[in-house]
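What the coordinates show
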Amino acid sequence: MQESTVVDSLGKILRTVSAITREIARPRPTPIASSALPKAKPKIGLALGGGFARGMAHIGVLKVFEEENIPIDFVAGTSIGAAIGAAYCSGVSAKELQEIASILKFSDFARWTISRMGLCSNDRLGQLLKKMLKVYTFEELRIPLAVSATDFQTGESVVFRSGPLIDPVRASCAYPGVFLPVNLNGRLMVDGLLAHPVPATPLKQMGADRVAAVYFNSHWVGSDGPKHFMDIIGQCFSIAQANMCSLWQVNADVVIEPDVAPFPYDAFSKAPELVKVGEAAARPALPAIQPWFKEPTLAPVATRVTDKNKSLSPATLPAAS
């Protein structure tokens, strides 16, 4: 029985890795052009990528945007970016999000379970969202939102933009191997990172003229190597995510890259520090963003901004021993 369970689990992981391989092998996309007509004010989209606990840095980026009165017309989120994006678009301020993050624990949104399909259920995330959100459907949000998930069976990208809000966010956060897939309308959904690690493309499809994207260029495992099998799985997905950068970069005008490398992937207790890291990364991006509002925008011009002024390339792997 145990041997059968292991074989089933490995089979599911292999199918997921196969879906990632197909995604990487897809022909590289061309940028989605903005309207050729001059506009008084460009529509701004903010793409919030996945990053597990490190994604708390998104809150710092939102704080800077609020302080600088940078309007956000559209938001798209993957994994924790979807959860933070949903709360923000529902009317929860960056300050309120920071207060919530400072007391958040893994057990607040995850429940250990005995299953062949994952270690945890994220049904508690649904309960947490019911307490956090100020509305519960996409249509009621004050800022239009896109939530990225992945069809587990086909590997197809699924972008939610209408209907109930909570379960799509749960699906977007269902990291394979850690969380059970989420069944939505008869389809098993897993983390959106397999299709849109940073969901810049959905924002252009929604009508954004300019897109600021937040990307965490750091691998799951540090220089000390893996400690258990989940580190192996997490590192594999992290490598794939880094190698998929070109799929979304073509539709990002500014890339904000917080330096989250010093923080473990599960560092929820370090939320205050991660928020500050997000702020520190967003401020150098302001000179690239603020000119968007000074003259009509005809076509996107890509700019990459990181808090370390480093290029956007796949994160460096530790040398094999």
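Structure shown above.
Presented here is an overview of the structure given in this document. Model, not experiment: these values are computed from the prediction.

Some details on the overall build of the protein
- The helix and strand tally for the protein stands at 11 helices and 12 strands.
- Counting all 321 residues of the protein, 55% fall into the buried class.
- Sequence-distant contacts, at least 24 apart, represent 78% of the contacts inside the protein between residues at least 6 apart.
- As displayed, the protein has an accessible area near 14,400 Å², and 57% of this comes from carbon and sulfur atoms.

Some remarks on the packing of aromatic side chains
- Across all of its chains, the model carries 10 aromatic pairs by this definition.
- Taken together, a centroid distance of 6.5 Å and an interplanar angle of 50° make the contact between Phe52 and Phe179 tilted. A residue pair is termed long-range when its members are at least 10 positions apart, and Phe52 in the loop between strand S1 (44–48) and helix H2 (57–67) and Phe179 in strand S7 (residues 177–179) qualify at 127 residues.
- Since its relative accessible area comes to 14%, Phe52 is described here as buried.
- Among the residues examined, Phe179 registers a relative accessible area of 3% and is labelled buried.
- Plain terms: the ring middles of Phe109 and Phe179 are 6.5 Å apart, the flat faces sit at 50° to each other, and that makes the pair tilted. One end of the pair, Phe109, is in the loop between helix H4 (94–101) and strand S3 (111–112); the other, Phe179, is in strand S7, with 70 residues separating them in the sequence.
- Taken together, Phe52, Phe106, Phe109, Trp112, Phe179, Tyr265 and Phe268 form an aromatic cluster joined through their ring pairs.
- The ring of Tyr88 carries the charged tip of Arg142 above its face, separated from the ring centre by 5.1 Å.

Details of the sheet that holds S7
- Read from one edge to the other, the open sheet built from three strands follows the order S3-S4-S7, with strand pairing classed as mixed. Both edges of this open sheet fall to S3 and S7, since each of them pairs with a single strand only.

Some remarks on the nonpolar core
- Core analysis: the biggest nonpolar cluster contains 84 residues, and Met56, Phe65, Leu97, Leu145, Val169 and Phe179 have the highest contact counts within it.
- The element best represented in this core is helix H3 (residues 80–90), accounting for eight residues.
- Beyond its immediate chain neighbours, meaning those up to four positions away, Met56 contacts Ile80, Ile84, Ala101, Leu104, Phe268, Ala271, Leu274 and Val275.
- Residues Ala146, Val198, Ala200 and Val255 belong to the second largest nonpolar core, which totals 17 residues.

Remarks on unusual backbone geometry
- Positive phi, normally seen in glycine, also occurs at Phe52, with a value near 55°.
- You will see that Ser79, though not glycine, has its phi angle at about 60°, which is positive.
- Secondary-structure assignment places Ser79 in the loop between strand S2 (74–78) and H3.
- Assessed through its relative accessible area of 7%, Ser79 is described here as buried.

Side note on the packing of H2 against H3
- Contact pair H2 / H3: the axes reach a minimum separation of 10 Å and the direction vectors enclose 35°. Considering the relative orientation of H2 and H3, their crossing is right-handed. Judged by residue contacts, His58, Ile59, Leu62 and Glu66 of H2 engage Ile80, Gly81, Ile84 and Tyr88 from H3.
- Its residues placed into classes, the contact of H2 with H3 shows five nonpolar, two polar and one charged.

Observations regarding the pairing of strand S6 (residues 157–160)
- A one-sided burial pattern is seen for S6, the buried positions being Val158 and Phe160 and the unburied ones Ser157 and Val159.
- Pairing analysis gives four bridges linking strand S5 (residues 145–151) to S6, with the strands arranged antiparallel. The residue of S6 that forms the bridge with Ala149 is Val158.
- Hairpin connection from S5 to S6: five residues lie between these consecutive antiparallel strands, with Gly155 at a positive phi of about 80°.

Focus on helix H5 (residues 123–132)
- Of all the positions in H5, only Leu125, Gly126, Leu128, Leu129 and Met132 are classed as buried. Taken down its axis, H5 places every buried residue within 165° of arc, on the same side. With respect to the buried face of H5, the exposed residues turned more than 90 degrees away are Lys130 and Lys131.
- Next to the buried residues of H5 lie H3, H4 and helix H6 (166–172).

Quick notes on the rules
Residues numbered from 1 in each chain as written. Predicted model: local features only at pLDDT ≥ 70, side-chain atom pairs only at ≥ 80, totals over all residues. Heavy atoms only, no water. Helix = DSSP H or I, 4+ residues; strand = E, 2+ residues; numbered from the N terminus. Buried < 20%, exposed > 50% of the residue type's maximum accessible area, 1.4 Å probe, protein only. Contact = heavy atoms within 4.5 Å. Areas by Shrake-Rupley, 256 points an atom, 1.4 Å probe, with all protein chains shown as cover. Phe/Tyr/Trp six-rings, centres within 6.5 Å; stacked < 30°, edge-to-face > 60°. Lys NZ or Arg CZ within 6 Å of the ring centre and 35° of its normal. Pairing = 2+ DSSP bridges. Core = buried A, V, L, I, M, F, W, Y, C linked by side-chain atoms within 4.5 Å. Axes fitted to C-alpha atoms, helices over the stretch in contact; angles between N-to-C directions. Left-handed = near helix turned anticlockwise from the far one by under 90°. Nonpolar A, V, L, I, M, F, W, Y, C, P; charged D, E, K, R; others polar. Arc of directions from axis to C-beta.

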